[in-house]
Amino acid sequence: MGQVNLRKVAMIGCGYVGSAAAFALMQNRLFAEIVLIDVDQEKAEGEAMDIGHGIPLVGNMKIYAGSYDDIADAAIIVITAGAGQKPGETRLDLVHRNVSIYQKIIPEITKRNCQGILLVVSNPVDILTYVTVKLSGFPENRVIGSGTVLDTARLKYQVGEHLAVDSKSVHAFIIGEHGDSEIAVWSSANISGVPLDDFCEMRGQWNHDKIQENIAETVKRSAYEIIERKQATYYGVAMTIKRICEVIIRDEKSILPVSTMMHGEFGIDDVALSMPSIVGADGFEVRVPISLNEEECKNLRKSAQTLKEILKQCDQIAIE
Ligand SMILES: NC(=O)c1ccc[n+]([C@@H]2O[C@H](COP(=O)([O-])OP(=O)(O)OC[C@H]3O[C@@H](n4cnc5c(N)ncnc54)[C@H](O)[C@@H]3O)[C@@H](O)[C@H]2O)c1
């Protein structure tokens, strides 16, 4: 990492997601300084005050509402600004609103010659990751979308619940779009090295196809179900943001399904989507060559195609 303060993070957008993520980051004390920015300055100030009042109960740090001048040396700039899905809306419905918000935010970041890593969270996250790469001109390793890290956590949670096993022992990925065309990679899923089907049978579960279909659908529907009940999803994604920040700051080289630019893998090019990748101090390091069966490959290409169609519409709002 270049000239950055490894103890400093910036959060652009302090709505449900940004404030929950700032709260999670404050509690784990990964950073000594958290800068909050929002177009609604009072919202950023209110969140900084509220979260800051927990500092005496956790340990000393700075959390404040700032301006873009404050983010120049931040090690990670998390962008959660933008509208969220309304009940019944897909993530892709948000595209025009949020691309135009990014057209305002990204130049503010590049103007300050920031050397940190941009973590894109706003939806549709794959489209906005692509847009951020194009608008920022940053090296691609320094632009990461939170991608399907949350969906993968939801998958592990569901499989863990279903098999009554610790979800941390579940090894499986959701790849592709963070959205309706995402793919659960069942062909390589395992529980601590035991192939999933074998483990299911050990637990007295035999109806593999049906169970996998139900779990994948539950994962895909999670955001819709939560939004219907409480208007927004934020705790799960806040933990996702915290985890990605930890992996970067501690140079963990963990494998996470973050959204990054594809360059011909599986015949997919010029689009950002999620594949298991090694993430560390330099951001994205390398994609892990996960093996996919024929159907998973086909669905991954379809997912990429869905995103490309949306990007074509974005061309009309000039992202190059
Ligand atoms: N990637 C994921 O896994 C994931 C999960 C949940 C939500 N999200 C997305 O995160 C985004 C935020 O969701 P939310 O529920 O916090 O929404 P929200 O409406 O509560 O918050 C958005 C915030 O962005 C601010 N904002 C708008 N324009 C801005 C600008 N130009 N500069 C700075 N701030 C600006 C708003 O004032 C508001 O405070 C949405 O796009 C949502 O879909 C992503």
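Anything mentioned here points back to the structure above.
A few points on the structure. (Residues numbered from 1 in each chain as written. Predicted model: local features only at pLDDT ≥ 70, side-chain atom pairs only at ≥ 80, totals over all residues. Heavy atoms only, no water.)

## Points about a negative patch on the surface
Taken together, the side chains of Asp197, Asp198, Glu201 and Asp209 define an acidic patch exposed on the protein surface. Looking at the negative patch element by element, the count peaks at three residues for helix α6 (residues 196–202). For Glu201, the location among the structural elements is in helix α6. (Patch = residues over 30% accessible without salt bridge, like charges linked within 9 Å, V, L, I, M, F, W, Y side chains within 5 Å. Areas by Shrake-Rupley, 256 points an atom, 1.4 Å probe, with all protein chains shown as cover. Salt bridge = Lys/Arg side-chain N within 4 Å of Asp/Glu carboxyl O. Lys, Arg positive; Asp, Glu negative; His and termini not counted. Charge placed at Lys NZ, Arg CZ, Asp CG, Glu CD. Helix = DSSP H or I, 4+ residues; strand = E, 2+ residues; numbered from the N terminus.)

## Some words on the state of the cysteines
In total, this model carries zero disulfides according to the counting rule given. Unpaired in terms of disulfides, Cys245 finds its nearest cysteine sulfur in Cys14, a separation of 14 Å. (Disulfide = S-S within 2.5 Å.)

## Some words on the packing of helix α3 (residues 95–111) against helix α4 (residues 125–136)
Close contact between α3 and α4 brings their axes to 10 Å; oriented N to C, the two are set at 35°. In the packing of α3 onto α4, the handedness of the crossing is right-handed. Here α3 contributes Val95, Asn98, Val99, Tyr102, Gln103, Ile106 and Thr110 to the contact with α4, which in turn contributes Ile127, Leu128, Val131, Thr132, Leu135 and Ser136. For the contact of α3 with α4, the residue count by class is eight nonpolar, five polar and no charged. (Axes fitted to C-alpha atoms, helices over the stretch in contact; angles between N-to-C directions. Left-handed = near helix turned anticlockwise from the far one by under 90°. Contact = heavy atoms within 4.5 Å. Nonpolar A, V, L, I, M, F, W, Y, C, P; charged D, E, K, R; others polar.)

## Brief notes about the sheet that holds strand β15 (residues 277–280)
Read across the sheet, three strands follow the order β12-β15-β16 without closing on themselves; strand pairing throughout is antiparallel. Two strands bound the open sheet, and with one partner strand each, they are β12 (254–256) and β16 (283–287). Here the strands of the sheet are splayed against their neighbours by 40° on average, with no regard to which way each runs. The pairing of β15 with β16 spans four bridges and is classified as antiparallel. By the bridge assignment, Gly280 is partnered in β16 with Gly283. (Pairing = 2+ DSSP bridges.)

## What to know about the pattern of salt bridges
Across all of its chains, the model carries 19 salt bridges by this definition. Note that Asp73 and Lys8 form a salt bridge whose closest N and O atoms lie 2.7 Å from each other. Placement of the pair is Asp73 in the loop between β3 (62–65) and β4 (74–79) and Lys8 in strand β1 (residues 5–12), with a sequence separation of 65 residues. The class of Asp73 is partly exposed, set by a relative accessible area of 30%. The class of Lys8 is buried, set by a relative accessible area of 6%. (Buried < 20%, exposed > 50% of the residue type's maximum accessible area, 1.4 Å probe, protein only.)

## Regarding α3
Spanning 17 residues, α3 covers 24 Å between terminal C-alpha atoms, matching the ideal 24 Å at 1.5 Å per step. Among all positions in α3, only Val95, Asn98, Val99, Tyr102, Ile105, Ile106 and Ile109 are buried. On its buried side, α3 packs onto β1, β4, β5 (117–120), α4 and α9 (294–315). Phi for Asn113, located one or two positions after α3, is positive at around 50°. (Expected span 1.5 Å × (residues − 1).)

Structural measurements only, silent on function.
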